[in-house]
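Chain residues, written in single-letter form:
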Amino acid sequence: MFVRHRARTLQNPLLLSSLLGVLLAGCTTTPTQMPVPQPMPRTSTTATELPTSLPLPLPLPKALGQPEGPGETYFDPNRTGVPLFDLRAHAKQPLGGGLVAGDFARNNNALVPYARIDARLVECLARIRATTRRKMTVLSGYRSFRHNEAIRRAGEGAAKSSFHISGKAADVVSMMPVEQFAIATYLECGCNTGLGISPRFYHIDVRTYPVTPWGYGRSQASRLAIARRVQRNVCGN
Ligand SMILES: [Zn+2]
């Protein structure tokens, strides 16, 4: 059912929300204050990226005079074009879906002054929150190139060209079971979404190609198997 109706469902947010509501009946807890999902105009997108109604780039002040060249602190090795924003006075600026700019300017919950934030990532998290009505907290969003290199060299599992460096990834803490989280992720953000399973968080990234869910640590084997089954059912691969 998922595979046959996926394309049409992803183009119709209301149908999508209804379907997900049926799928997740019995899984959700008390609804929070999240707004009812609204149909989103399909603008500002390419064929392979998550459509977003948010402005591209986001209306935040761009960082001026920061080291963004190759190998420098704020270098973007993926060359995505997502700007580096100056969030020193804008951490509380709402971005939509109950999310603020500071949510994406975090490293293990510590606020950073400059960050890249892709509107598609904001859209993805906002959609998951709206449709599941479950609380989620961003543990880590943007990560500078230099910080990513430091934790990569420390053997903490960071990828050399991590999507965090481009403002396209977030590690979110949620009490949602992996099945619910994975269903919401692929239905709401599409099948070109990266999903990593950790004991502490879910990694989400918005990319332009599909990837099999991965785990951080062997202890996640059973949860990882669930995520991969959901991906096969929803995305058909
Ligand atoms: Zn991550």
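Our subject is the structure that appears above.
In this text, all values refer to a predicted model and were calculated from it rather than measured experimentally. (Residues numbered from 1 in each chain as written. Predicted model: local features only at pLDDT ≥ 70, side-chain atom pairs only at ≥ 80, totals over all residues. Heavy atoms only, no water.)

Asks: Mind showing me how you'd approach the packing of aromatic side chains here?
Replies: Each aromatic ring pair is characterised by the separation of its centres together with the angle its planes make. Counting across every chain of the model gives 5 aromatic pairs. Both rings, one in Tyr74 and one in Tyr114, keep their centres 5.6 Å apart while their planes meet at 70°; by these two values the pair is edge-to-face. Highlighted residues: Tyr74 in the loop between α2 (13-23) and β1 (84-86) and Tyr114 in strand β6 (residues 114-116), separated in sequence by 40 residues. Assigned by exposure class, Tyr74 and Tyr114 land together as buried. When the ring of Trp214 is compared with that of Tyr216, the centres are 6.5 Å apart and the planes differ by 75°; the resulting orientation is edge-to-face. Residue classification places Tyr216 among the partly exposed residues on the basis of a relative accessible area of 28%. By the ring-pair criterion, three or more aromatic residues cluster together here, those being Phe201, Trp214 and Tyr216. (Phe/Tyr/Trp six-rings, centres within 6.5 Å; stacked < 30°, edge-to-face > 60°. Helix = DSSP H or I, 4+ residues; strand = E, 2+ residues; numbered from the N terminus. Buried < 20%, exposed > 50% of the residue type's maximum accessible area, 1.4 Å probe, protein only.)

Asks: In this structure, what is going on with the nonpolar core? I would like to understand it.
Replies: Grouped burial of nonpolar side chains is what soluble globular proteins tend to show. One finds Leu58, Ile117, Leu125, Ile128 and Phe181 to be the most contacted residues of the largest nonpolar core, which totals 49 residues. Element by element, the count of residues in this core is highest for helix α5 (residues 178-189), at 8 residues. Beyond its immediate sequence surroundings of up to four residues, Ile128 is in contact with Arg133, Met136, Met176, Phe181, Ala184, Thr185, Glu188, Cys189 and Ile204. (Core = buried A, V, L, I, M, F, W, Y, C linked by side-chain atoms within 4.5 Å. Contact = heavy atoms within 4.5 Å.)

Asks: Explain the coordination of the zinc ion to me, please; I cannot follow it from the model alone.
Replies: Donor atoms from the polypeptide that coordinate the zinc ion comprise His164 (NE2), Asp171 (OD) and His203 (ND1), at 2.0 to 2.1 Å from the metal. Residue classification places His164 among the buried positions, given a relative accessible area of 2%. (Donors = N, O, S within 2.8 Å, 3.2 Å for Na, K, Ca; no water.)

Asks: Teacher, can you tell me more about the state of the cysteines here?
Replies: Working definition of a disulfide: a covalent bond connecting the sulfur atoms of two cysteines. As enumerated under the stated definition, the model contains 2 disulfides in all. With its sulfur 2.1 Å from that of its partner, Cys124 forms a disulfide with Cys189. Across the S-S bond linking Cys124 and Cys189, the dihedral sits near 95°, which makes this disulfide right-handed. With a gap of 65 residues between them, Cys124 in helix α3 (residues 119-132) and Cys189 in helix α5 connect regions that are remote in the sequence. Both residues of the pair, Cys124 and Cys189, count as buried. The disulfide partner of Cys191 is Cys235, and the S-S distance across this bridge is 2.0 Å. (Disulfide = S-S within 2.5 Å.)

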